[in-house]
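# Examination of the molecular architecture
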Amino acid sequence: MRKISSKDASIRNLEICKIAPVIPVLIIDDISTARDLGEALVAGGLPVLEVTLRTECALDAIREMSKIKGGIVGAGTLLTYTDVNNAVEAGATFGVSPGATDNLISACEEAGLPLLAGASSASEAMVLLEKGYSVQKFFPAEAAGGAKFLKSLSSPLPNITFCPTGGVSQENAKNYLDSPNVECVGGSWVAPKDVITNKDWQYIEKLAKDAVRELS
Ligand code: 3PG
């Protein structure tokens, strides 16, 4: 795999964030649900999928979802060097982390994986910007100050674009998307656990369509 610079990672992440208003954040417990879940979200207009590495079958889910036509599959909750290499080996084409460490950033750059690293304060965002990461995840969005806080960063830090995640919902997503420094939001509300368990793919597709219609 070719290395990726922080600048190229930022360019790629901006492209990814512009594709749809929401990046579904997925926690997949049962591998048999992965393909159908991904297909329902893509059919509903949300082709960028973040599979969190929080379950035993997460890497297999990335493998399955990478086969979906039109889907762009990333790995979330990246914490370690091993996570990064496993994610790339499974087919992830971008990575997301709740925060950022030098080791994680180096691992992603070495592996050629564009990293959407998390920040929750002006200083954290500035440190990432110094390293060349101008597209960042704002996490945990609601608990860290919400849309009002994030909008306040847009004047002093106009060169950073954020994807807020954590507590974002169909009801409050617009508050974030109205901010000049937000390109898309991330959230699990489009793939609720009980709906996945019930394999109600039509409902997942409806949730995705509602998000696209109301938030685009
Ligand atoms: C997470 O931590 O799981 C993501 O940020 C998604 O958060 P959410 O479940 O509040 O959307």
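Before reading on, note that the structure itself is shown above.
I will try to describe carefully the structure that is included in this document. (Residues numbered from 1 in each chain as written. Predicted model: local features only at pLDDT ≥ 70, side-chain atom pairs only at ≥ 80, totals over all residues. Heavy atoms only, no water.)

## A short note on the overall build of the protein
Looking only at helices and strands, the protein has 10 helices and nine strands in total. Structurally, the protein occupies a C-alpha span of about 45 × 40 × 25 Å along its principal axes. Across the protein, every contact between residues at least 6 apart in sequence was considered, and the portion connecting residues at least 24 apart equals 62%. Total accessible area computed for the protein in this model is approximately 9700 Å², and 51% of it derives from carbon and sulfur atoms. Computing the positive centroid from 20 side-chain charges and the negative centroid from 26, the protein places the two 5 Å apart. (Helix = DSSP H or I, 4+ residues; strand = E, 2+ residues; numbered from the N terminus. Contact = heavy atoms within 4.5 Å. Areas by Shrake-Rupley, 256 points an atom, 1.4 Å probe, with all protein chains shown as cover. Lys, Arg positive; Asp, Glu negative; His and termini not counted. Charge placed at Lys NZ, Arg CZ, Asp CG, Glu CD.)

## Some words on the site of the ligand
Looking at the ligand, the residues that line it are V25, R54, F139, T165, G166, G167, G187 and S188. Between the ligand and R54 there is a distance of 2.9 Å, counted from an oxygen atom to a side-chain nitrogen or oxygen. Take G167: an N or O atom from its main chain is 2.7 Å from an oxygen atom of the ligand. The protein chains hide 78% of the 310 Å² of surface that the ligand would expose on its own. The residue makeup of the shell around the ligand, split by class, is two nonpolar, five polar and one charged. (Near = heavy atom within 4 Å. Polar contact = N/O pair within 3.5 Å; in protein donor to acceptor, adjacent residues only side chain to side chain. Nonpolar A, V, L, I, M, F, W, Y, C, P; charged D, E, K, R; others polar.)

## Quick notes on the side chain of K137
Among the structural elements, K137 can be located in strand β7 (residues 135-138). Summary of buried charges: K137 has no salt-bridge partner, and the nearest side chain of opposite charge, E50, is 4.4 Å away. If we ignore the near neighbours within four places in the chain, the residues touching K137 are E50, V96, S97, P98, L116, A117, G118, A119, F162, C163 and T165. (Buried < 20%, exposed > 50% of the residue type's maximum accessible area, 1.4 Å probe, protein only. Salt bridge = Lys/Arg side-chain N within 4 Å of Asp/Glu carboxyl O.)

## Details of the environment of L79
Residue placement: L79 occurs in the loop between β3 (72-76) and α4 (81-90). Judged by relative accessible area, L79 falls into the exposed class, the value being 54%. Taking C-alpha positions, L79 is 25 Å from P21, a pair spaced 58 residues apart along the chain. L79 has contacts with P98 and L104, leaving out every residue within four places of it along the chain.

## Quick word on the nonpolar core
Inside soluble globular proteins, nonpolar side chains tend to come together where they are buried. Grouped together as the largest cluster of nonpolar side chains are 65 residues, with contacts concentrated most on L37, M65 and L78. Among all residues touching M65, those that are not within four sequence positions of it are L26, I28, A34, L37, G38, L49, V51 and V73. Counting 11 residues, the second-largest nonpolar core is a separate cluster that includes C17, V48, V96 and L116. (Core = buried A, V, L, I, M, F, W, Y, C linked by side-chain atoms within 4.5 Å.)

## Regarding the pattern of salt bridges
In the structure shown here, the tally under the stated rule is 15 salt bridges. K18 is the salt-bridge partner of E183, the closest N and O atoms lying 3.7 Å from each other. Placement of the pair is E183 in the loop between α8 (173-177) and β9 (185-187) and K18 in helix α1 (residues 6-19), with a sequence separation of 165 residues. A relative accessible area of 29% places E183 in the partly exposed class. Taking the shortest distance from any N to any O, the salt bridge between R35 and E64 comes out at 4.0 Å. Pair noted here: R35 is in helix α2 (residues 34-43) and E64 is in helix α3 (residues 58-65), with a separation of 29 residues, a long-range link.

## Some thoughts on the pairing of strand β2 (residues 48-52)
A large share of β2 lies buried, amounting to five of its five residues. Every second residue of β2 is oriented toward a common face, with V48, E50 and T52 on one face and L49 and V51 on the other, all of them buried. Of the strand pairs in this sheet, strand β1 (residues 22-26) and β2 are connected by two bridges, and their pairing is parallel. Within β2, the position partnered with L26 by the bridge is V51. Handedness of the β-α-β unit built from β1, α2 and β2 comes out right-handed. Where β2 and β3 come together, five bridges link them in parallel fashion. Bridge pairing links V51 to A75 in β3. (Pairing = 2+ DSSP bridges. Right-handed = clockwise from strand over helix to strand, strands pointing away.)

Purely geometric numbers; function is a separate question.
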